[in-house]
Amino acid sequence: MHQPNYRDPIRGFYSMPWVRLHAVKAYYDMAVLAGRYPEAGLTINLVPSLLEQIEDYCNGALDYELMLSRKDPVELTSDEKEAILLRFFQANHDTMIRPLPRFMELLHNRGVTGTTNDIVTALRKFAAQDYLDLQVLFNLSWFGFAAREEDIELRKLIRKGRFYTLEDRDYVLQKQFDILKSLLPLYRKLWDEGSIDISASPFYHPILPLLCDTTVACEGIPGCLLPKRPFRQEEDARRHVEMSLEYFESKLGKRPKGMWPSEGSVSPQALEIIRDAGFTWAATDEDILAKSVSGYNRTRDLYRPWDANGLAVWFRDHELSDKIGFVYSRNPVKVAVDDFINRLNTIAGCGDDTPRCVSIILDGENPWETYPKSGKEFLETLYTRLIREKSLKPVTFSRFLEEHPPAGKIQSIFPGSWINGNFDTWIGDQEEVDGWDALNNARDALVSKEKSLKEKDRGEAWTEIYRAEGSDWFWWYGEDHTSPNDPEFDRLFRAH
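Residues numbered from 1 in each chain as written. Predicted model: local features only at pLDDT ≥ 70, side-chain atom pairs only at ≥ 80, totals over all residues. Heavy atoms only, no water.

Regarding the packing of helix 2 (residues 48-58) against helix 11 (residues 166-193)
Next, step 1: In the contact formed by helix 2 and helix 11, the axes pass within 9 Å of each other and the chain directions differ by 130 degrees. The orientation of helix 2 relative to helix 11 falls into the category oblique. The element helix 2 and its partner helix 11 pack so that their crossing is left-handed. Within the contact between the two elements, helix 2 uses Leu51, Ile54, Glu55, Tyr57 and Cys58 and helix 11 uses Phe177, Leu180, Lys181, Leu183 and Leu184.
Next, step 2: Classifying every residue of the contact of helix 2 with helix 11 gives 8 nonpolar, no polar and 2 charged. (Axes fitted to C-alpha atoms, helices over the stretch in contact; angles between N-to-C directions. Helix = DSSP H or I, 4+ residues; strand = E, 2+ residues; numbered from the N terminus. Parallel < 35°, antiparallel > 145°, perpendicular 65-115°, else oblique. Left-handed = near helix turned anticlockwise from the far one by under 90°. Contact = heavy atoms within 4.5 Å. Nonpolar A, V, L, I, M, F, W, Y, C, P; charged D, E, K, R; others polar.)

Brief notes about the pairing of strand 4 (residues 281-285)
Next, step 1: Within strand 4, 5 of the 5 residues are buried, leaving the element largely enclosed by the surrounding structure.
Next, step 2: Sheet topology note: the strand 3 (residues 258-259)/strand 4 ladder contains 2 bridges and is parallel. Residue Gly258 lies in a different strand from strand 4, and its bridge partner there is Trp281.
Next, step 3: At this point the chain moves from strand 3, through helix 14 (residues 268-276), to the parallel strand 4, and the crossover so formed is right-handed. (Buried < 20%, exposed > 50% of the residue type's maximum accessible area, 1.4 Å probe, protein only. Pairing = 2+ DSSP bridges. Right-handed = clockwise from strand over helix to strand, strands pointing away.)

What to know about empty space enclosed by the protein
Next, step 1: Counting across every chain of the model gives 1 cavity of 30 Å³ or more.
Next, step 2: Its boundaries defined by the atoms lining it, the largest cavity holds a volume of some 40 Å³.
Next, step 3: Lining of the largest cavity is provided by Met1, Tyr27, Leu46, Leu50, Leu51, Ile54, Leu183, Leu184 and Tyr187.
Next, step 4: Mapped by element, the contributors of at least two residues to the lining of the largest cavity are helix 2 and helix 11. (1 Å grid on protein atoms, 1.4 Å probe; cavity = no way out; pocket = protein on both sides within 12 Å on 5 of 7 lines; lining within 4 Å. Points joined across faces, edges and corners; volume = space filled by probe spheres on them.)

What about the nonpolar core?
Next, step 1: Leu46, Tyr187, Leu210, Leu271, Phe315, Phe378 and Tyr383 are the most contacted members of the largest nonpolar core, which has 160 residues in total.
Next, step 2: Among the elements that take part in this core, helix 1 (residues 18-36) stands out by supplying 13 residues, more than any other.
Next, step 3: Residues contacting Tyr383, with those up to four places away along its chain left out, are Met30, Leu33, Tyr37, Ala40 and Leu42. (Core = buried A, V, L, I, M, F, W, Y, C linked by side-chain atoms within 4.5 Å.)

Describing the packing of helix 21 (residues 430-449) against helix 22 (residues 455-468)
Next, step 1: At a minimum axis separation of 11 Å, helix 21 and helix 22 run at an interaxial angle of 165 degrees. With respect to helix 22, the element helix 21 is oriented roughly antiparallel. Once helix 21 is placed against helix 22, the crossing between them reads as left-handed. Across from Leu439, Ala442, Arg443, Leu446 and Val447 in helix 21, the residues of helix 22 making contact are Ala461, Trp462, Ile465 and Ala468.
Next, step 2: Here the contact of helix 21 with helix 22 is built from residues that sort into 8 nonpolar, no polar and 1 charged.

Details of the environment of Ala26
Next, step 1: Topologically, Ala26 is positioned in helix 1.
Next, step 2: As a C-alpha pair, Ala26 and Ser398 span 372 residues in sequence and 24 Å in three-dimensional space.
Next, step 3: Excluding residues within four positions of it along the chain, Ala26 makes contact with Met1, Gly364, Glu365 and Trp368.

Geometry only, nothing functional implied.
Put into structure tokens, the structure is as follows:
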């Protein structure tokens, strides 16, 4: 569960709404479902940069979409109307907009692709009631199954469908904040009860190996384009890990045993930092294991933890994890779950009697946008089958390690991530290395001036550097990823 820090440090509000919107969907749904299936062996990875923002919302923080949602439609300026028409259809068309007929109608009235001409035409056609319905439906569409099940008023508003009132809109927004305020206590309760295990990531989700030394990218990308001078700040990498542990102890009462290093990014230096901080296990992708073990045999080697630098390391089953993340949403639930269980039983039937542990690791928020009803039927069926299947036993990473410590050793972990087994998502393109150069220069400027700063200003300045070291800014640079929000990610990186 992760989001980068979207707070604009100059304007003082969040420029994108994804913490708030994912909170009322996946973050809440996954926790509620975990409480119903405590035997499902779930480990929830929580990134402090996400939890920090949830707390900030609970203390009154705003995002731009929230500010637009709260405006009386008759008082909207032309710029605000244009922003609503551009921003309030950011939801999966098939699973989130289509089930709400009025929302779908408004999408067609605006123009499905949202071109400049579409917006100009819609500005002439949309009346105050259209904007009010859009304010309600956009926010309503993001509620997951748990909120809809427990709140009869939300269900009434879904059935109402159109001609919403300001009171309807205010109810929807207040419900979002009720859920936001419940999240940290809920996760803490589930963890204390043993219904889930919780693992951590470095505080602002940096790629630890690249913070330690950007030249490490060349091992997985021969001839990789690098910054003008290497970024080598092991002390920052250690600080992200230490801050994460301090945050968990302060807010959730104890320190996690396991770490999912951001994007599964590992290197010998990064694992040493994780081990030194007191973690007992970490996890990454099977591609890394294949590059780290001589004579790698998937059937023999993948389904167990390995000792790397004194740390137990798990390697995810790439195919099975991605089936849940990207494939099964397109299949009937029974077909998808049967396929998953059959694949696990095939793995269980290969090899000797040594317990085999299959690591299923995937994004905790985004997949459920593509599933009907936010994945409710799929997840309930999957958890039920896993618990009942006699040949299988759901287990957390920490629990398995208590009985089955690593038997094999990795002499030197190959540096890479769960994407392509290297770091080419965050370095190697001109835009990416320009970003690393800018970060290097900003950090140097702070170091040169920090003695002249007041203590409070110095602390805030370092926080902004740590936020700028997060992985997400570099994710959107280069040729490999793009979204309508590219300009805003660029602007936010520069602002931090």
